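Letter by letter, the chains look like this.
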Amino acid sequence: MDRHLIELPRKILVGYNVIRELGSFIKDLGFGKEVLIISGEKVKSLIEKDVKESLSSFGLSYLWHHIDSATMSFVGQVVDLAKKHQSKILVGLGGGKSIDVAKLSAYYANLPFISVPTSASHDGISSPFASIKGMDKPYSLIAKPPIGVLADIIIIANAPRRLLASGCGDLVAKITAVKDWELARDEKGEYFGNYAASLARLSAKLVIDESEKIREGSKESVRDVVEALISAGVAACIAGSSRPCSGSEHLFSHALDMLAPNIGLHGEKCGIGAIMMAKLHNLEWEKIANSLKNVHAVVNAYELGINPELIVDAILLAPKIRPERYTILHKLNLDRESAKNLAESVNVI
Ligand SMILES: [Zn+2]
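Note that the coordinates shown come from a computational prediction; the quantities given were computed from them, not determined experimentally.

S.K.: It is not clear to me how the overall build of the chain should be interpreted in this structure. Could you clarify?
M.R.: What the chain contains, in helices and strands, is 15 helices and eight strands. Seen through its C-alpha atoms, the chain measures out along the principal axes to roughly 60 × 45 × 35 Å. Across the 349 residues of the chain, 55% fall into the buried class.

S.K.: Looking at this structure, how should I read helix α4 (residues 96-109)?
M.R.: Each full turn of the α-helix corresponds to 3.6 residues, which orients residues three or four apart in the same direction. Here α4 is 14 residues long and its end C-alpha atoms lie 20 Å apart, about the 20 Å a rise of 1.5 Å per residue gives. Most of α4 is tucked away: eleven of the 14 residues are buried. Taken as a whole, α4 has its buried residues at Gly96, Lys97, Ser98, Ile99, Asp100, Val101, Ala102, Lys103, Leu104, Ser105 and Ala106. A positive backbone phi angle near 55° is found at Asn110, which sits one or two residues after α4.

S.K.: Explain the nonpolar core here, please?
M.R.: It is characteristic of soluble globular proteins that their nonpolar side chains tend to be buried jointly. With 118 residues, the main nonpolar core has Cys168 and Ile275 as its most contacted residues. At 13 residues, helix α6 (residues 161-188) tops the list of elements feeding residues into this core. Summarising the domain contributions, this core has at least three residues from each of domain 1 (11-157) and domain 2 (161-345). Among all residues touching Cys168, those that are not within four sequence positions of it are Val207, Ile214, Val225, Gly267, Gly271, Leu292, Val295 and Ala297.

S.K.: Please explain the environment of Phe113 as it appears in this structure.
M.R.: Inspection of the secondary structure puts Phe113 in strand β5 (residues 113-117). Accessibility expressed as a C-beta count within 10 Å gives 27 for Phe113, which makes it buried. Residues Phe113 and Leu46, 67 residues apart in the sequence, show an inter-C-alpha distance of 21 Å. Discounting residues that sit within four places of it in the chain, Phe113 has contacts with Leu90, Gly92, Ala102, Lys103, Ala106, Lys144, Pro146 and Ile147.

S.K.: Help me out: how do you make sense of the domain arrangement of the chain in this one?
M.R.: Often the size quoted for an interface is simply the accessible area lost on bringing the parts together. On domain assignment, one finds that the chain holds domain 1 (11-157) and domain 2 (161-345). The gap between the C-alpha centroids of domain 1 and domain 2 is 26 Å. Contacts between domain 1 and domain 2 engage 24 residues on the former and 29 residues on the latter. At the level of elements, β1 (11-15), β8 (148-152) and α5 (153-157) are the ones that each hand at least two residues to the side of domain 1 that touches domain 2. Within the side of domain 1 that touches domain 2, the residues separate by chemical class into 15 nonpolar, eight polar and one charged.

S.K.: Explain helix α2 (residues 41-57) to me, please; I cannot follow it from the model alone.
M.R.: The terminal C-alpha atoms of α2 lie 23 Å apart, and with 17 residues this matches the ideal 24 Å at 1.5 Å per residue to within 8%. The set of residues buried in α2 consists of Val43, Ile47, Val51, Ser54 and Leu55. The inward-facing, buried residues of α2 abut α1 (22-29), β2 (34-39), β3 (61-66), β4 (89-94) and α5. The positive-phi residue at the C-terminal boundary of α2 is Gly59, with phi of around 70°.

S.K.: Would you mind going over the packing of helix α7 (residues 194-216) against helix α8 (residues 219-239) with me for this structure?
M.R.: Two quantities define a packed helix pair, namely the angle between the helix axes and the distance between the axes. It is at 9 Å that the axes of α7 and α8 come closest, and there the two elements cross at 165°. By the angle between their directions, the pair α7 and α8 is classed as roughly antiparallel. In this structure, the crossing between α7 and α8 has a hand that is left-handed. Residues Tyr195, Ala196, Leu199, Ala200, Ser203, Leu206, Glu210, Lys213, Ile214 and Glu216 of α7 pack against Ser221, Asp224, Val225, Ala228, Ser231, Ala232, Val234, Ala235, Ile238 and Ala239 of α8.

S.K.: Help me understand the pairing of β8 in this model?
M.R.: The side chains of a regular strand alternate between both faces of the sheet. In terms of residue burial, β8 counts as a mostly covered element, since five of its five residues are buried. Every second residue of β8 is oriented toward a common face, with Gly148, Leu150 and Asp152 on one face and Val149 and Ala151 on the other, all of them buried. For β1 and β8, the ladder comprises five bridges, and the chain directions are parallel. From the neighbouring strand, Ile12 faces β8, where its bridge partner is Val149. Sheet topology places β5 next to β8; two bridges connect them, and they run parallel.

About the criteria used
Residues numbered from 1 in each chain as written. Predicted model: local features only at pLDDT ≥ 70, side-chain atom pairs only at ≥ 80, totals over all residues. Helix = DSSP H or I, 4+ residues; strand = E, 2+ residues; numbered from the N terminus. Buried ≥ 20, exposed ≤ 12 C-beta atoms within 10 Å, placed from the backbone. Expected span 1.5 Å × (residues − 1). Core = buried A, V, L, I, M, F, W, Y, C linked by C-beta atoms within 7 Å. Domains from an automatic or database assignment. Contact = placed C-beta atoms within 7 Å. Nonpolar A, V, L, I, M, F, W, Y, C, P; charged D, E, K, R; others polar. Axes fitted to C-alpha atoms, helices over the stretch in contact; angles between N-to-C directions. Parallel < 35°, antiparallel > 145°, perpendicular 65-115°, else oblique. Left-handed = near helix turned anticlockwise from the far one by under 90°. Pairing = 2+ DSSP bridges.

In structure tokens form, the structure reads like this:
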């Protein structure tokens, strides 16, 4: 690859009670007055008042559309609505689903998109990728990065603790993702971006170094996790691919999505994947496992609520999901017995 395009978010606002600044944030971006907001119903009931006041005081009109899953049919609805109402900007307000649907809809409708996360459960907050269910490919689709990110730490700190722990799982996953990327550079001559890799690694280091503080859930540590997730998404923007953020541990998570749909959160599965893939890369997997335990993230099949056999099945299925995305699982081509031994050796089963 002799060149690649880097598209980055233009404005990122992180802070306490910044939801009240959404109106000025959108207005300053200067795309127009018609705003289309995508969220789940629960999120709407929690923050509609603040959003409404803020948008109307800056003369913005908005249409609020509910979605309850990240599927192509909702993406289609949002694209149609945006056209019909001549929306100038899309806002994804919520956890994973609303942000994914808004991001991909904005990409198809060729509109700018603002990400307003209400939890810190994964790095899709700022990345150019969207996860949509029911596609023939279970991994993320390429879209565009958000033009703006507005992260209200007070809202995010009030989200269930399990979501923050899941975000930590998605962050430690960068350790094995970067290792897989190095492997693809060394053995397949793939483009490797040292800066993007360092940035992704740094965001994982935050969880390893600060896990005990994160466990307490102070506003400061929630803010650190949010900034690390944003930074990991930016690393993917700089790399121009999901390589720095997603390796064999993500393939394992996607395999579990297929084998046992709707069990566990994305970051939880990636965290467990990272423990196992770290062992395959001869890294200090105990450090990853201990950090996850410190933040009360799940670290084994039992805590995840999944049959141990499915963990083994997922390790075997993972490299088949993306044969072209070379990782340690492609290199080692594990058989059933070695996959089982791996999971047992790191106490995942
Ligand atoms: Zn992820």
